[in-house]
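Fold and contact review
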Amino acid sequence: MKAFARLFSASLLALCAAQAVHAQSPHSVVLVHGAFADGSSWERVIAKLQAKNDEVIAVQLPLTSLRDDVAATQRAIARAHGDVVLVGHSWGGTVITEAGDNAKVKALVYVAAFAPDKGQSTGELASSYPAPPGSAALATTSDGFLYLPAPALARDFAPDLPSAQQRLLPVTQGPIRAAAFSDKVTHAAWAQKPSWYLVSTQDRMINPDLERAMAKKIHAQTREVAASHVSMLSQPDSVANIILAAVGQAK
């Protein structure tokens, strides 16, 4: 019984400490990964946000449809203790554009991400600019999911990562259902909420000029970083800083 009492007391103290952190941080950051990735793609940014006592939730998307991915994101928003700064990378930008139409969401951050308009699909938006080099390497499974073979992940997705990190990407990548890129958004949250956009100038998966055009259209506070498509892994300080800027102005 004494051992149980000590364990219970320790658990209660840990819970109180967690609640104190949330009380100090009225905003929560919800991170939405893109295609060919999972929630672990944010790991270097998460540590930097947690060091500032921000509550952080990394969504694990099923990557089966826009509707399914929005539902997963809405569950994460519901779990958040405070108002939400919603962050999306790549395909995750489409997801936050739709899921951001939630009263708890106070700001949006796009990291080399798609920002479609109401009634527009990701595929339509992507095809409005010349195709980036990485698009030619996409492969398809027999049941209609897109993925990037290991050489393409290293060459086009994350060329600025050390080889040891590049070798991890094929292990954790999340194939996305190809039909999802034809799903149209029904809300454009950026039309009503403040937005930030981090352009990756060396991106080989989304045309950097398209990124700049999207940032301009959504009237985002825009920064640029000399990084590949995965700036959250290769330039985590730049990504964390723009998220923290959004948190600071959303207070």
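Thresholds applied
Residues numbered from 1 in each chain as written. Predicted model: local features only at pLDDT ≥ 70, side-chain atom pairs only at ≥ 80, totals over all residues. Heavy atoms only, no water. Helix = DSSP H or I, 4+ residues; strand = E, 2+ residues; numbered from the N terminus. Rg over C-alpha atoms; globule rule 2.2 N^0.38 Å. Contact = heavy atoms within 4.5 Å. Areas by Shrake-Rupley, 256 points an atom, 1.4 Å probe, with all protein chains shown as cover. UniProt positions renumbered as here; feature names shortened; annotations may be inferred. Axes fitted to C-alpha atoms, helices over the stretch in contact; angles between N-to-C directions. Parallel < 35°, antiparallel > 145°, perpendicular 65-115°, else oblique. Left-handed = near helix turned anticlockwise from the far one by under 90°. Nonpolar A, V, L, I, M, F, W, Y, C, P; charged D, E, K, R; others polar. Salt bridge = Lys/Arg side-chain N within 4 Å of Asp/Glu carboxyl O. Buried < 20%, exposed > 50% of the residue type's maximum accessible area, 1.4 Å probe, protein only. Expected span 1.5 Å × (residues − 1). Arc of directions from axis to C-beta. Pairing = 2+ DSSP bridges.

1. Focus on the overall build of the chain
Counting secondary structure elements, the chain contains 11 helices and 9 strands. Its C-alpha atoms give the chain a radius of gyration of 18 Å, near enough to 18 Å, the size a compact globule of 251 residues would have. C-alpha extents for the chain along the principal axes are approximately 65 × 40 × 35 Å. For the chain, the share of sequence-separated contacts (at least 6 apart) that also reach a separation of at least 24 residues comes to 70%. If you sum the accessible surface of the chain, you get close to 11200 Å²; carbon and sulfur atoms cover 56% of it.

2. Observations regarding the UniProt feature "domain: AB hydrolase-1" (unreviewed entry) in the chain
Mapped onto this structure's residue numbering, the UniProt feature "domain: AB hydrolase-1" (unreviewed entry) falls at residues 29-241. Each end of residues 29-241 is marked by a C-alpha atom, and these two atoms are 13 Å apart; helix forms 34% of the span and strand 19%.

3. Let's talk about the packing of helix α2 (residues 43-50) against helix α11 (residues 236-250)
Packing of α2 against α11 brings their axes to within 9 Å, and their N-to-C directions diverge by 50 degrees. Taken together, the axis directions place α2 and α11 in an arrangement best described as oblique. Seen from above, α2 lies across α11 with right-handed handedness. In contact with R44, V45, K48 and L49 of α2, α11 contributes P236, D237, V239, A240, I243 and L244. Counted by class, the contact of α2 with α11 contains 7 nonpolar, no polar and 3 charged residues.

4. Describing the pattern of salt bridges
Taken as a whole and judged by the stated rule, the model has 7 salt bridges. For the salt bridge of K48 with D237, the shortest nitrogen-to-oxygen distance reads 2.8 Å. One end of the pair, K48, is in helix α2; the other, D237, is in helix α11, with 189 residues separating them in the sequence. With relative accessibility at 30%, the residue K48 sits in the partly exposed group. Overall, D237 belongs to the partly exposed group, its relative accessible area being 45%. Two residues, D156 and R204, come together in a salt bridge whose shortest N-O distance is 2.7 Å. Taken together, the residues span a long stretch of sequence, with D156 in helix α6 (residues 150-157) and R204 in the loop between β8 (195-200) and α9 (208-217) at a distance of 48 residues.

5. Overview of helix α3 (residues 66-79)
In this model, α3 (14 residues) spans 20 Å end to end at C-alpha, consistent with the 20 Å of a helix rising 1.5 Å per residue. Every buried residue belonging to α3 is among L66, D69, V70, A72, T73, A76 and I77, and all of these are buried. The arc that holds every buried residue of α3, seen down its axis, measures 160 degrees, which confines them to one face. The exposed set on the far side of α3, more than 90 degrees from its buried face, consists of R67, R75, A78 and R79. Buried residues belonging to α3 abut β1 (27-32), β2 (55-58), β3 (83-89), α4 (91-99) and β4 (105-111).

6. Thoughts on the sheet that holds strand β7 (residues 176-177)
Strand order in the open sheet made by the 3 strands is β5-β6-β7, with antiparallel pairing throughout. Either end of the sheet is taken by a strand with one partner, and the two such strands are β5 (139-140) and β7. The pairing of strand β6 (residues 145-147) with β7 spans 2 bridges and is classified as antiparallel. Opposite F145, over in β7, you have R177 as the bridge partner.

7. A short note on the sheet that holds strand β9 (residues 221-225)
Strand order across the open sheet formed by 6 strands is β2-β1-β3-β4-β8-β9, with parallel pairing between neighbours. Two strands close off the open sheet at either side, each with one partner strand: β2 and β9. When the angles between neighbouring strand axes are averaged without regard to direction, this sheet yields 20 degrees. The strands touched by α4 are β1, β3 and β4; relative to β3, the strand with the most contacts, the crossing angle is about 150 degrees.

8. Let's talk about the environment of Q249
Mapped onto the fold, Q249 is located in helix α11. For Q249, a relative accessible area of 52% corresponds to the exposed category. C-alpha separation for the pair Q249 and A107, spaced 142 residues apart in sequence, amounts to 8.8 Å. Leave out the neighbours within four places in its chain, and Q249 touches W196 and Q221.

9. A closer look at the side chain of H27
Within the secondary structure, H27 is located in strand β1. Sequence-distant contacts of H27, defined by excluding residues within four places in its chain, comprise D54, E55, D83, V85, K106, V247, A250 and K251.

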